[in-house]
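Structural features, examined
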Amino acid sequence: MNLYEEIINILEMKGSATIPAIWEEMNQLNSKEINKMEGIDLPSLRLMIGHKRDWFRIKGDIVSIRPEREPVKLIFHLSGYPGPEVKISIDFKRQTFILLEWRFGKHGAQRKPNFLPGSILEFKRELYSLNLWEWEKDYHSEGIIVDGTSWSVVLETKTTSYHSEGFESFPKQWKNLCRALMQLTGGALRF
């Protein structure tokens, strides 16, 4: 976990905080783990946070995550021929998700073993590193494709919605998103 991710984790746990409070919390966390903070003093932390104004809102000495970067809901949809079709809806406020899967074919419904779901908080942490805020709106391959995979991702934050979709073309972080969704759904997501 890099220092910015640690700052985001602290702000998610505590809400808005002063830079000295963040620094103190980071020191406490790092005394329990590996000492990553060696050589980082309070003025350096202040500079680091100041360089990430696209992530952090700073008023005086109070720091918070920008509302347009704070996930509220994510909707993931994937379909291909001959299937499956998958929809996952994640509500970060309620800490819940719903997974719907449709399989088309002659075998009909198949009973799946019980899966142990992952952590929505861990998924949210991974989501920050995927940078969905920067994804293109459309990803499409050139040419005519008859049987392909279509997908869409809608990320709602406190103030903004980000939409991205594609057909047989994917952002470079696509596999990481799918891996994180598989961990969240306990491996139930198969495509």
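Further up the page is the structure itself.
Notes on the pattern of salt bridges
Counted under the stated rule, the structure contains eight salt bridges. Residues lysine 124 and glutamate 12 are paired through a salt bridge, measuring 3.2 Å at the closest nitrogen-oxygen approach. In this pair, lysine 124 sits in helix α4 (residues 120–130) while glutamate 12 sits in helix α1 (residues 3–14), placing the two residues 112 residues apart along the sequence. Owing to a relative accessible area of 21%, glutamate 12 belongs among the partly exposed residues under this scheme.

With respect to the nonpolar core
One finds Ile22, Leu74 and Phe123 to be the most contacted residues of the largest nonpolar core, which totals 43 residues. Ranked by the residues each element gives to this core, the list is headed by helix α5 (residues 174–184), at six residues. Once you skip the residues sitting within four places of it in the chain, phenylalanine 123 turns out to touch Leu74, Ile90, Phe92, Leu177, Ala180, Leu181 and Leu184.

What about the environment of methionine 48?
Turning to its location among the elements, methionine 48 is positioned in helix α3 (residues 42–51). By relative accessible area, which is 16% here, methionine 48 ends up buried. For the pair formed by methionine 48 and leucine 3, sequence separation is 45 residues and the distance between their alpha carbons is 9.0 Å. Ignoring any residue separated from it by four or fewer positions in sequence, one finds methionine 48 in contact with Leu3 and Tyr4.

Rules of the game
- Residues numbered from 1 in each chain as written.
- Predicted model: local features only at pLDDT ≥ 70, side-chain atom pairs only at ≥ 80, totals over all residues.
- Heavy atoms only, no water.
- Salt bridge = Lys/Arg side-chain N within 4 Å of Asp/Glu carboxyl O.
- Helix = DSSP H or I, 4+ residues; strand = E, 2+ residues; numbered from the N terminus.
- Buried < 20%, exposed > 50% of the residue type's maximum accessible area, 1.4 Å probe, protein only.
- Core = buried A, V, L, I, M, F, W, Y, C linked by side-chain atoms within 4.5 Å.
- Contact = heavy atoms within 4.5 Å.

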